[in-house]
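Listed here are the chains, written in short residue letters.
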Amino acid sequence: MLEWDSVMKKHRPIAGIIAALFFGAVSALASVGPKYRGFEVDGSGRSGTASVYGEPALFLNPAGLSDLKGNGFETSADFGVNSVLLDYASWAAKNSKYIKQIDSLLLRMEPVQNKWAPFSNSVVMQGHYQDFAFALVEDVRYDLSLSKAVITPVMGAGMLSDLQFTAGRGFAPAALPDWRMGFAVKYLYRLRFPGRLMGTTDDEFYKVVNKINQPAHSIMDQIAKIKVASEVAQPGLGFGVNLGAMRSLPNGFTAGVSFLDFHTFFDGGFMYPQMNLGGSYARDFDILEGMHHRVIANLDWQIPFSWEPWYKQWKLGAAVEGRMGSRLVSLVALGLNDGYPTFALKIGYILNLYYLYTAEETGTYPGQYKLSFHKIGITLSF
Amino acid sequence: MERKHRKWIAAAGFSAAWMLGGCNVFEPFASKRTSSLDYRGLLIRGNDALNHGRYVEAESLFIRAQRKYPKGSEAYLFHAQAIVAEYQLDFNKLKLEFECRRASRDVAKCAANGIDTNGIPFIHPGTTVDSIERIYWPVAAAVRDLNYILRSSKDSLVLIGGYKLPPDSGQASDGRVTAGVARLDLGLLLAINGMLAPLDMDQNLHITVTCGTNLDIAYADSSQAVRDSVKRLKCGDGLLSEQIRLDNFKKLTQDVHIDNLDSKDVRARNMSVNPNDINAFIASMQIPISASQYNLDSVHSAMVINSYTQGQAEIEGVIANVRDLNNFLGYMRYNDTIDDDYDVDSLNPPRKPTAYFWHNFDRDDIAAGGYKDHGIRYDYNDPMYNPAYPSSGDIGHPLHRFQHFRFDSNPLVNSWVSDLYLKYSELGRRYPGLAVDTSKNSRFSLMRKKCKDMLMNDYPPGLNDAGHILVCDSLTTVLRNDAPRPARSDWIGGNPGVDEEMIDEYDNDYDGIKDEDARNYVGYDDDDDALMTMSMLGTITPANSGTLSMIWQDDSVGPGHKNKCIDIDINIPMANYADSAFGGNPDTTAQRAAQRVFCMGTLEHRLYLARKAGITSLNPDVMRNPAYRDSLRNYYTVAGSGDPTSSADTGKNCMDDVRRHLGQDFKNRWFPMTPDSAAEVNLACRFKHIWLAPRPANSEWTSGVYGVDEEKYDCVDNDGDGWIDEDLIDRRSGPCWSGIP
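Residues numbered from 1 in each chain as written. Chains lettered and ligands numbered in written order. Predicted model: local features only at pLDDT ≥ 70, side-chain atom pairs only at ≥ 80, totals over all residues.

### Brief notes about the overall build of chain A
Scanning chain A from terminus to terminus reveals seven helices and 17 strands. Across the 382 residues of chain A, 48% fall into the buried class. (Helix = DSSP H or I, 4+ residues; strand = E, 2+ residues; numbered from the N terminus. Buried ≥ 20, exposed ≤ 12 C-beta atoms within 10 Å, placed from the backbone.)

Here it is in structure tokens:
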């Protein structure tokens, strides 16, 4: 106890500075930080502040880097689809030629009217050497909608593309044997076009319409049109820090705290910082020879310093993972992200396939039903 | 694991589950109880209701969202969507309503959709208050919502026609819905809103049979007297005012062709029988129509810049209709000493314009021909005047223009010129907006069309040859600034083109529009019903015009004659009036019903004469004594153009007056007394209300010219012409207009 007290006294000024910076940042907010957390975290309802491990820890709690050993490298790519996206692609194949005719379009737009078609994909390269890790991630989300203002058709489009390079390190202070800490620095290049409807006196409207009106030769061409928002998006640059700490508790429990985008300067302002508090329980078990299994349960509370009410930011997750040595070869995860279910499955050795299911209900436009996302990806790891 | 640790784990798990449950983690965002939803939750829940056709619920949720976060533009947009969806209004339906009023319409398609091809969109003979309410309410509500989104500027928006939209309070300014989203829809909906707005007399966004009930709430803090006067002002016909206005509006617009606008079928009386209401009526239409044009022009410009050709084509028809209607309405404003219809040569040097002062001296003067042509004779001494074509001397008339059109062969000129009239090119330089408007309903197009129509339809060969037609295509009806005012002219003073029309439903200046930019001034015969004669020519100037005003005093002598009309003989007791009209031993009720029978100009008097002697006196001997004249022709102006003894032509408003303005008590007593009331009415209506006989010695008319400023401010049709308080300058305190806040 005395030891803890002395450590606290030693670091009290630093804690004060951190607190001042943290709350100072809140007063000068500009943008929401990158959403990418990694496949494993997304599958567990975006929880894992106290349990995340390996390179994904760069994005949720860098303290999870501290136990890394040896070296590794992996690359993955995935893309997400859902039924609305496919409906749009199918509809556009038949009807995109009417996109410039108001009355003809109104007669045909019913199947997709007011629905927002999302398309997402991410490409990741990441690796580590001992407890030093890096990641280069491109995470993109496009939205497209054919909607009505009141009686005439308008287009809706949105885009958020984050290209981030992150590097970090975890460590375990000798003076605090149960503690692990970590940090990550990031460089961010963002293209964004906040999702919104556009009408006939908006320049963006015509760019979107002309793009959709272009000929397409396959359904993938039609899907590609959804990326039209990139033609009207605005770029921005930023850099910042993620910080985190974990503390092991008795009986397999762990507590964690992380400060993401703390601070991240972006486009002349700050990003919303995010604080995550989490607890986890982990228990190892072996049922297959040569494999180590672990069951993990997480409960996180997130403070986003944004408009969302505090009580909506609960993340709950559970996962069973199997490893051969330090290599992850299987994962089954379930979770609730703010109450919305998530599910993830991953399997493979060196070459992994994974599937991620998420849901959201955050849209605001008429017709924006509850959306289910299916993300399919592949990972090559060494 | 130790037993006590298991207890801790179990307790922690229970606590976590309890906490999560209590904090709605397991309850999706939009599934939360509606009573505690925040702004975004209300939007999501509202949209869920909208998606599933529960429109009323959606509207309620969006209204709550508006109250929760007034700057939230989405709540206003979605509310407009919900209300329009509830009433099944859509773009194609709206567009078809316009298309069906154009010559290019698909008649079969219009018929299949039950859309009338005459009049203005959504108004047809079968329109009821309920059916029009189902159009007007969603349109008006959507317009209100979209205006909240668009009008976030702190500056006033100046609209075409000079109207200003004041800045709003910046509501719905969060930018989530751009102006570009709302503008096209606002433009289209405003067009409908503007066309129907005059029906919403109490301005509560509804057209109902309970006009004014909203005013009790709006003026709850005012006295009952103020509330009553406001209601009387807005809903002059009581609860059914909007119903009555709709009926009149249908008649007003039934012959209007929005694709081919001219005013030949517009009857201002159907806007209001009180001309003082006309500007308000026009304003209620033109403000939204102007705003519509502003928004649609903005959209169209953006479409042109971005080569959005198909979209352009789809809205161009509507834009053209709206622009035409806006221009047309602008021309109709009256009595403002402003050149509302762009037909004044520029004032050089600049000076304050004055109203065009003119009287129609030769209209009913038998000695002068009694031409009844309603035009403005330029020069009674004109040696080129041809009496065979009485109107050919009128200002603006095609033949008059022809007389003042010649080819100047001077090498420096070498073109057609006019000493009196501006050429189209010259007027175009004065008003560039007119020059660039080449649509078929433009000011110039209507002027040309009117000229050619007159020549082709009203005049024989020789007067409609190429030379005459050339005049139509070359000369406007607008007098040059340096055109001299002849000594003997209907034009007495002022600037030609400023409040130049009478409210008489005639195109006094032959420019293709009637009753536009009309007037109402002291000393004027503003409604073409004054007994002007050639003997007055040269004696009347703007300065002494006030002396023309007709002086009469209701109930000047005998009791019972305070009947708000001009009694012919105040020495005759009212009981005798009633006895003459109804016979028997008339009680006070009958006397009241008969009180207008012996008033000058009243329809009751004409009906009486029609029954008594008809057109020509029954007793020529009696006719020698003016006191016993008993026929219509002895007292009144012939309404039609033919001989009233053989022609059944009636005054166009008279039949309407019988239906609408005759007292019900009079009708109940009068018409059962004859087996053929229709014939009697037809006989009476072959004559207008204009009194031609000498001033009766014992009448309430004591001096002045009959028909000049003849009304009193009493909300009553004193002279029997179907209008109330016309030929008066403006509203003022009195029995009718008192208490106007």
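Structure shown, so let's carry the discussion forward.
### Some remarks on the environment of G127(A)
Residue and element names in this part refer to chain A. In this structure, G127 sits in strand β3 (residues 116-129). Of the residues examined, G127 has 17 C-beta atoms within 10 Å and is grouped as partly exposed. Sequence-wise, G127 and A167 are 40 residues apart; in three dimensions their C-alpha atoms are separated by 9.6 Å. Beyond its immediate sequence surroundings of up to four residues, G127 is in contact with G72, F73, E74, A133 and F134. (Contact = placed C-beta atoms within 7 Å.)

### Comments concerning the confidence of the model for chain B
Residue and element names in this part refer to chain B. Overall, the prediction assigns chain B a mean pLDDT of 82, with 84% of residues at 70 or greater. When mean pLDDT is taken per element in chain B, strand β7 (residues 475-479) scores highest with 96 and strand β1 (residues 157-158) scores lowest with 56. Confidence drops under a pLDDT of 50 for residues 21-31, and excluding neighbours within four residues, the segment shows 27 contacts in the predicted structure. Throughout residues 731-741 the model reports pLDDT below 50, and contacts reaching past four residues in sequence, or to other chains, amount to 22 contacts. The complex prediction reports pTM at 0.74, with the ipTM value standing at 0.75. (pLDDT = per-residue confidence, 0-100.)

### With respect to the packing of helix α3 (residues 55-68) of chain B against helix α4 (residues 73-86) of chain B
Residues and elements named next belong to chain B. Where α3 meets α4, the closest approach of the two axes is 9 Å, and the angle between their N-to-C directions is 160 degrees. If you check the angle between α3 and α4, you find them roughly antiparallel. Classified by chirality, the crossing of α4 by α3 is left-handed. On α4, the residues that touch Y55, V56, A58, E59, F62, I63, A65 and Q66 of α3 are A75, Y76, F78, H79, A82, I83, A85 and E86. For the contact of α3 with α4, the class distribution of residues is twelve nonpolar, two polar and two charged. (Axes fitted to C-alpha atoms, helices over the stretch in contact; angles between N-to-C directions. Parallel < 35°, antiparallel > 145°, perpendicular 65-115°, else oblique. Left-handed = near helix turned anticlockwise from the far one by under 90°. Nonpolar A, V, L, I, M, F, W, Y, C, P; charged D, E, K, R; others polar.)

### What about unusual backbone geometry?
Excluding glycine, residues mostly have negative phi values, and the peptide bonds linking residues are mostly trans. Even without being glycine, L205(B) reaches a positive phi, approximately 70 degrees. One can find L205(B) in the loop between α8 (179-196) and α9 (213-218).

### Describing helix α12 (residues 278-305) of chain B
In this model α12(B) runs 39 Å from its N-terminal to its C-terminal C-alpha over 28 residues, within 8% of the 40 Å that 1.5 Å per residue would give. Backbone geometry just downstream of α12(B) places S307(B) in the positive-phi region, at approximately 55 degrees. (Expected span 1.5 Å × (residues − 1).)

### Regarding the pairing of strand β4 (residues 132-148) of chain A
All names here are of chain A. Among the 17 residues in β4, twelve count as buried, and that is most of the element. Sheet analysis places β3 next to β4, joined by 14 bridges and oriented antiparallel. In the sheet register, A117 faces β4, and the bridge partner there is L144. Between β3 and β4, which pair antiparallel one after the other, the connecting turn spans two residues, and Q130 there sits at a positive phi close to 50 degrees. Pairing geometry for β4 and strand β5 (residues 153-171), over 17 bridges, is antiparallel. If you follow Y142 over to β5, its bridge partner there is M159. (Pairing = 2+ DSSP bridges.)

### Considerations on the pairing of strand β17 (residues 371-381) of chain A
Residue and element names in this part refer to chain A. Here strand β2 (residues 71-81) pairs with β17 via eight bridges, running antiparallel. Opposite V81, over in β17, you have H374 as the bridge partner. Here strand β16 (residues 351-360) runs beside β17; their pairing, made up of ten bridges, is antiparallel. Within the sheet, the bridge partner assigned to T358 lies in β17 and is F373.

### Thoughts on the nonpolar core
If you look at the biggest cluster of nonpolar residues, it comprises 203 residues, and the most contacted ones within it are A142(B) and A182(B). Apart from the residues lying within four places of it in its own chain, the contact partners of A142(B) are V150(A), A80(B), I83(B), V84(B) and L189(B). (Core = buried A, V, L, I, M, F, W, Y, C linked by C-beta atoms within 7 Å.)

### Here we look at the packing of α8(B) against α12(B)
Residues and elements named next belong to chain B. The N-to-C vectors of α8 and α12 enclose an angle of 155 degrees; their axes lie 8 Å apart at closest approach. Here α8 is positioned roughly antiparallel relative to α12, judged by the angle of their axes. Crossing of α8 against α12: the hand is left-handed. Only M285, P288, I289, A291, S292, N295, L296, S298 and V299 of α12 make contact with α8, whose side of the interface consists of R183, L184, L186, G187, L190, A191, N193, G194 and M195.

### A word on the environment of L607(B)
Residue and element names in this part refer to chain B. One can find L607 in helix α21 (residues 603-612). For the pair L607 and D345, spaced 262 residues apart in the sequence, the C-alpha separation amounts to 47 Å. Sequence-distant contacts of L607, defined by excluding residues within four places in its chain, comprise W670, E680 and A684.

### Regarding α4(B)
All names here are of chain B. With 14 residues, α4 extends 20 Å from end C-alpha to end C-alpha; this agrees with the ideal 20 Å at 1.5 Å per step. The element α4 is extensively covered by neighbouring structure, given that 13 of its 14 residues are classed as buried. Count one or two residues on from α4 and you reach Q88, which has phi positive near 55 degrees.

### With respect to the environment of T637(B)
Residues and elements named next belong to chain B. Residue placement: T637 occurs in strand β10 (residues 636-638). Judged by C-beta crowding, with 20 C-beta atoms within 10 Å, T637 ranks as buried. Once residues within four sequence positions are removed from consideration, T637 is found in contact with D364, F687, K688, I690 and L692.

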